Amino acid sequence: MHRGNISSILSSILSEILSAGNLRGFIGLAKLIALLLSRDVSHQLAANCRQDARAPAAMKIHEYQAKELLKKFGVPVPRGIVARSPEEAYQAARELASESVVVKAQIHAGGRGKGGGVKLAKTADEARELARQILGMKLITHQTGPEGREVRVLLIEEGLPIDKEFYLGIVLDRATGRPVFMASAAGGMDIEEVAAKTQEKIFKETINPAVGFRPFQARKLAFALGLPGALVSQAAKFMQSLYSAYEQMDASLMEINPFLLTKDNRLIALDAKVNFDDNAMFRHPDFRDLRDLNEEEPLEIEASKFDLNYIKLDGNIACMVNGAGLAMATMDIIKLAGGEPANFLDVGGGASQERVEAAFRILLADPNVQAVLINIFGGIVRCDMVARGVVGAAKNLGVKVPVVARLEGTNVEEGQRVIRESGLNFTVAGGMKDAAEKVVSLAAS
């Protein structure tokens, strides 16, 4: 149901209630408004989150950092020491003094074992040699892309007697607006593959944020994993500690894969992945120090300096848009027209010339960009102000690639006139469909 239809229906009902002076009618109207808006908003959220990876909503940290944080909440983790050189790896292995140690590359990506970034060493000398091989290598996994990631940090960890491997994860279900605790006996492998091929192997418990993750839910998941009865209480305590960490740290994702059962009946987080909600970072200023800029896209780092929401993609059509929802719709319509977006970029409501110039500079720093689509809706900000900012920025930077501009909203005619008379290689589009078709055509020529 469209908001326009909702408004007309509510107006009619309100008129009747006012004329009748019906108190119950007011209460009923309030309930109806809540129902309609909740449905409308939930549908909109579901649409906006179809490709959640588009939105820059999470700060990632390394495995060793995640384990240090989880340890504070009582989550059992293996003993480990960080190493940044082969000699440090050697000393760490000696200090751990276990029968074997695991040399683990630290990058912000999964699949490190398959890519050769996790190795077992029987001696300290072997750990040093493996560290020499792994440090500086370009580790390529299914999450890094073909360019890979350079390994700069290692985690040297004690070897453990593995009996069984499970999976635990907590993530926000955007359809329900509630956290979901997931568990699977298929641990130690790509959980995405398990979800795609054998969804029945993943057990879920939806959490009511008002009451938290209840003990009976933890026990239910522990039994579903097939853990021995004697370990159910231990597993439930582990899961509740994990949820406490998720909630108190404002995490957007928390994964333990594998969640390990050792031969001496201990339950341990053998690997840990934690992402933080960027919007909650003001509550955790100390977490900022955990950020590793070497693991982030340089253009995304530059964008963050100007408070621009930018994510680099693999296409050749750059997008400059105000508003995250409009930015996602812009990428969708480019795909529909047969093109490939080169980025997600939201310049925000106040698209000043300085921010537009910074946005242009970031977009054009991508060598794959063949054309730019500017899609601005002038609500709070006037279209003519945006147009002058765009023209000024383009002249200062000497933009060479073709640019298609679609403006709608306040002072749109004046904004279009400014662009047409700029003398730049700009094309004014009559709507989103027209803009998408024109930019795809220009990028292909």
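Use the structure listed above.
The following paragraphs examine the structure supplied in this document. Remember, predicted model here, so these are calculated numbers, not experimental data. (Residues numbered from 1 in each chain as written. Predicted model: local features only at pLDDT ≥ 70, side-chain atom pairs only at ≥ 80, totals over all residues. Heavy atoms only, no water.)

## Here we look at helix H9 (residues 298–305)
Piece 1. Those residues of H9 lying buried are Leu 299, Ile 301 and Ala 303.
Piece 2. Once H9 ends, the next one or two residues include Asp 307, with phi positive near 60 degrees. (Buried < 20%, exposed > 50% of the residue type's maximum accessible area, 1.4 Å probe, protein only. Helix = DSSP H or I, 4+ residues; strand = E, 2+ residues; numbered from the N terminus.)

## Examining the side chain of Gln 106
Piece 1. With respect to the element layout, Gln 106 can be found in the loop between strand S3 (101–105) and strand S4 (118–121).
Piece 2. You can call Gln 106 buried: its relative accessible area is 2%.
Piece 3. A polar atom in the side chain of Gln 106 sits 3.1 Å from the side chain of Glu 63.
Piece 4. A polar contact is formed between the side chain of Gln 106 and the backbone oxygen of Lys 104, at a distance of 3.5 Å. (Polar contact = N/O pair within 3.5 Å; in protein donor to acceptor, adjacent residues only side chain to side chain.)

## Some words on the pairing of strand S9 (residues 178–184)
Piece 1. Most of S9 sits out of view: 6 of its 7 residues are buried.
Piece 2. The pairing of strand S8 (residues 162–173) with S9 spans 7 bridges and is antiparallel. Paired with Val 171 across the bridge in S9 is Val 180.
Piece 3. Where S8 folds back onto S9 in an antiparallel hairpin, the turn is made up of 4 residues, including Gly 177, whose phi is positive at roughly 75 degrees.
Piece 4. Strand direction decides the pairing type here: S9 and strand S10 (residues 202–206), joined by 5 bridges, are antiparallel. Looking at S10, one finds that Phe 181 is bridged to Glu 205. (Pairing = 2+ DSSP bridges.)

## As for the pattern of salt bridges
Piece 1. Following the criterion strictly, the structure yields 25 salt bridges and no others.
Piece 2. Residue Lys 67 pairs with Glu 157 through a salt bridge whose shortest N-O separation is 2.6 Å. Highlighted residues: Lys 67 in helix H3 (residues 63–71) and Glu 157 in strand S7 (residues 154–158), separated in sequence by 90 residues. Here Lys 67 matches Glu 157 in class, with each residue buried.
Piece 3. In this structure, Asp 264 and Arg 266 form a salt bridge, with 3.2 Å as the shortest nitrogen-oxygen distance.
Piece 4. Note on Arg 266: relative accessible area 35%, which makes it partly exposed.
Piece 5. One salt-bridge network, held together by shared partners, links Glu 63, Lys 67, Lys 104, Arg 112, Glu 157 and Asp 271. (Salt bridge = Lys/Arg side-chain N within 4 Å of Asp/Glu carboxyl O.)

## A word on helix H10 (residues 324–336)
Side chains of residues three or four places apart in an α-helix project in the same direction, reflecting 3.6 residues per turn.
Piece 1. Its 13 residues place the ends of H10 18 Å apart at the C-alpha level, agreeing with the 18 Å of an ideal helix rising 1.5 Å per residue.
Piece 2. Buried within H10 are the following residues: Leu 326, Ala 327, Met 328, Thr 330, Met 331, Ile 333 and Ile 334.
Piece 3. Trailing H10 by a residue or two, Gly 338 shows a phi angle of about 100 degrees, which is positive. (Expected span 1.5 Å × (residues − 1).)

## What about the sheet that holds S4?
Piece 1. If you trace the 4 strands from one edge of the open sheet to the other, you get S2-S7-S3-S4, paired in antiparallel fashion. The open sheet is flanked by strand S2 (80–83) and S4, the only strands paired with a single partner. Sheet twist, expressed as the mean angle between neighbouring strand axes with direction ignored, is 20 degrees.
Piece 2. Where S2 lies against S7, 4 bridges are found, and the strand directions are antiparallel. (Axes fitted to C-alpha atoms, helices over the stretch in contact; angles between N-to-C directions.)

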